[in-house]
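Chain by chain, the residues run as shown.
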Amino acid sequence: MDRGPLARTRARRRRSQFGYAVILARRELRGGIAGFRVFLACLVLGVGAIAATGSLGAAVEAGIRGDAQALLGGDVSARLAYRPSSAAERQFLAASGTLSETARLRAMARSLDGARHTLIELQAVDDAYPLYGTVALTPPQPLAAALAPRNGVFGAVAEAAVASRLGLKLGDAFRIGEAVLRLSAIIESEPDRAFAGLSFGPRVTISHPAVAATGLIRPGALVTYDYRLRLLPKGAGWSDAASWTRAARTAFPEAGWQLRSGADASPALQRLIDRVGFFLNLAGITALLVGGVGIGNAVAGYVAGKTAAIATLKCLGASSRLVFAAYFAQILALALLGIAVGLLVGGVAPALVAPLVKGLLPVSLRLGVYPLPLAIAGLCGVLTLLVFALWPLAAIGQVSPAALFRDRVAPAARHFAPLAAAGSAAAALALAALIVLTATDRRIALWYVAGALAAFVLFSIAGALVVAAARLLPRPGRPLLRLALGNLHRPGAPTARIVLSLGIGLSVMSALALVEGNLGIEIESRLAERAPADFFIDIQPDQLPGFEEIVRAAPGASFEQVPMLRGRITRLNGTPVEAAKVAPEAQWALRSDRGLTYSATLPEGSRLAAGAWWPADYRGPPLVSFDADLARGMGLGLGDTLTVNLLGRDITARIANLRQIDWARLGINFVLVFAPGTLEAAPQTHLAAVYATPAAEEGVVRRVTERFPNVSAIPVREALAAVARVVATIGTAIRLVALVTLASGILVLGGAVAAGHRRRVYDAVVLKVLGATRGALGLAFLIEHGLVGLLTALVAAGLGTVAAHALVTGPLKSEWVFLPAPLLTIAGVAVLLTLAIGFAGTWRALGAKPAAYLRNE
């Protein structure tokens, strides 16, 4: 259908304008990338960080999927707490394929003379272990040969830390429980190490007959049984791992076992990788957003430098739309170049990092090109460009040619551009949606988006306030100070932009330093003062009198103890936990079995948040007291029901009350506390917390473990020291990530200084003509940049302190201590950075010869 001559003419005109825009953009690009180096560097840094994080995460996930059978130890796994499989369950497992059974528990390893001891993670394996992968030993030998008895002594293989702590050499004997064992090899690696989860000590592996000789497996002992299967090609009622798990649940609905397949071979490792990758990705996005300020500055500076060319085009009849299209095409082409380089850096990151993390992860990185993280990084780069570049591009189109020619001496006002504002807002919303939709934790991602918006608003206001304060301050009497202070608020001064870009990175560094310092004080002083010396687990009921006798004999020692069982929450209000809606922060309580107890009185370190405590002589239907925070995350309240599987039996209890628990007290407490009358007859052990001086602690541990070999001691002071080391390591890692954000701020600072070079030269020439010396001007410029750095550091320190205080007293629930030392260090770094970059940017301006410039004016 013919649209008519007018429509065809308009279409040709649009095509013609587009062609002109492309031609103009191509001609402008022939002049090189002068003025766009910071622009490109910001894009490469931000996009490269996002692409690298995503590619690394994808490479690790591919490694987990590729090594799934070895990580899991089989095609499928069934885990039981406290009890081995029943005859019927074992028959079902054995009929499904090749079966391997392992048992894991905590125990104490001791030298033969009893002088040395250490907490270990003991694993008992059968002849079929491992079904997939191999156990690497030093000296090299088959695992079965290393564990075989020799002269009536069973062999054992252990991690190097066990030999070091007990002072053992290969072939030496040591004790675990009631058994004497021979150290026959050192464990270098195990294929299923990541599947075991959290360990409280180094690993020792022995055979099933050897663990029977230790006497450690008693009623109520904290033992976990893992049954791994290499499935038959096809079994009755199932054809793959997923259908096998469904068949197992259907056949034994009350078994209480935790079933896994290769799809979730190492959920703890997967969660760790997802969480670390998520926060690293947010750090990359932050760097890109901070770099967006530099992108906007570069575009604005470039357009300002092209004022004469734009004015000429408009005088020759070019429309504002054509001018905008030409320069937008040029900037988009340069942006795509920067994004492509960033994607290249991110794409090769796994290959560069793989040698560095070899041995740190239980899986090997699967190198390759992963399109999805690269596409997300590229899209983030394009959207960031639109957010920060549309405004300075569109503003020039509203100025008349005459005003453009006068722009250098009388800058024309840039009026509000509705289309540019709408485009920037739409791009910002799209970027926020992309961040949230691609996040593993959308709740935190939403908070991040809100925090990023708040940070930009706060630092923009702070920058404006710094400029206003500099303008309102009395003029100093000394000329150099007057010049330096005047430069902070002169037209076109980069002060506000520097406070915004550099301040965000410095505030993050300040907040991290203060949070880490407060955590260190909490762990090393407050927690250590009120924490018990040791926790003793697996105390049998008939051993309590002897245990009490040993503790009471130690000077100044005391203890508290409770009965302890372990069970797995299987239903919430009758709904299986797999189908229940549970908030991310509460899901940890459903992933494995939980410790639980029963009590007639409210435990110390708890207070009732809702409901009432039961009478001390209660003997009615099952009641339970539940952690208030977990109940909120699981959508539970008073009167709702919880089902806990204990030793293969489901116990459904009504929630009678909710408790707020002070976990920082480090005493004995449980998320689940049952009322009397429900659990007393179940097999159980006792957990005791012993409070003793360091001098008495060693003697208590030695006498208890010698008299009761089945009892294990968990040293709290060592655990706190380990936590302190972990906090310090995490702090260092986070600071390194924050440096990426700071690097973006430094790029923006350098870009702002470079953009003001022409103005610096002009000022230097005029002041030299008026008699100023090069040294005096250099000192004035240094004072200016030092003031900018100091004011930025003060703003960052203030906002960082507020953020750290909110974190420490809020989610971390700790006492706040103001620590000036890290803030002073960061302020010094900020001043040095601005001085160094400012000096580098103004040194050339100071060397400008007045004559050459005066002849051109």
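Each remark here, short or long, concerns the structure printed above.
Given the structure is predicted, the values throughout are model-derived calculations rather than measurements. (Residues numbered from 1 in each chain as written. Predicted model: local features only at pLDDT ≥ 70, side-chain atom pairs only at ≥ 80, totals over all residues. Heavy atoms only, no water.)

Colleague: So what about the overall build of the protein? Which residues, and what values?
Modeller: Helix and strand content of the protein: 25 helices and 21 strands. Buried positions account for 50% of the 857 residues belonging to the protein. Total accessible area on the protein is roughly 38900 Å²; 64% of this is exposed by carbon and sulfur atoms. (Helix = DSSP H or I, 4+ residues; strand = E, 2+ residues; numbered from the N terminus. Buried < 20%, exposed > 50% of the residue type's maximum accessible area, 1.4 Å probe, protein only. Areas by Shrake-Rupley, 256 points an atom, 1.4 Å probe, with all protein chains shown as cover.)

Colleague: Account for a nonpolar patch on the surface, naming residues and giving values.
Modeller: A surface patch of nonpolar side chains, amounting to about 390 Å² of accessible area, comprises L453, V457, I461 and L465. Relative to the helices and strands, L465 is located in helix α15 (residues 442-472). (Patch = residues over 30% accessible without salt bridge, like charges linked within 9 Å, V, L, I, M, F, W, Y side chains within 5 Å. Salt bridge = Lys/Arg side-chain N within 4 Å of Asp/Glu carboxyl O.)

Colleague: For the side chain of R659, give the residues involved together with the corresponding values.
Modeller: Structurally, R659 can be placed in strand β18 (residues 649-661). D627 is the oppositely charged side chain nearest to the buried, salt-bridge-free R659, at an N-O distance of 6.4 Å. Side chain to side chain, R659 and S625 meet in a polar contact 2.6 Å long. (Lys, Arg positive; Asp, Glu negative; His and termini not counted. Polar contact = N/O pair within 3.5 Å; in protein donor to acceptor, adjacent residues only side chain to side chain.)

Colleague: Can you explain the pattern of salt bridges? Please cite residues and give values.
Modeller: Enumeration over the complete set of coordinates arrives at twelve salt bridges. Put simply, E101 and R90 hold a salt bridge, and the shortest N to O gap is 2.8 Å. You can see E101 sitting in strand β2 (residues 97-111) and its partner R90 sitting in helix α4 (residues 87-96), a full eleven residues away along the chain. Take E101: its relative accessible area is 13%, and that puts it in the buried class. For E549, the salt bridge goes to R707, with nearest N and O atoms at 3.8 Å. Remark: R707 occurs in helix α20 (residues 694-707) and E549 occurs in helix α18 (residues 544-553); sequence separation between them is 158 residues. In the salt-bridge network here, residues are joined through shared partners; they are R79, R104, E121 and D226.

Colleague: Break down helix α8 (residues 241-251) for me, citing the residues and quoting the values.
Modeller: The α-helix winds at 3.6 residues per turn, so residues separated by three or four positions along the chain end up facing the same way. Turning to α8, its buried residues are A241, S243, W244, T245, A247 and A248. Looking at the buried side of α8, the elements it contacts are β1 (76-81), α4, β9 (224-231) and β10 (258-261). (Contact = heavy atoms within 4.5 Å.)

Colleague: Tell me about empty space enclosed by the protein, residues and numbers included.
Modeller: For the structure on display, the rule yields two cavities of 30 Å³ or more. Of the voids in this model, the largest cavity is the one considered here, and its volume is about 130 Å³. Lining the largest cavity we find 16 residues, and of these L80, A81, G256, R568 and D593 sit closest to its centre. For the lining of the largest cavity, the elements supplying multiple residues, two or more each, are β1, β12 (558-572) and β17 (641-646). Taken together, the residues that form the lining of the largest cavity break down as five nonpolar, six polar and five charged. (1 Å grid on protein atoms, 1.4 Å probe; cavity = no way out; pocket = protein on both sides within 12 Å on 5 of 7 lines; lining within 4 Å. Points joined across faces, edges and corners; volume = space filled by probe spheres on them. Nonpolar A, V, L, I, M, F, W, Y, C, P; charged D, E, K, R; others polar.)

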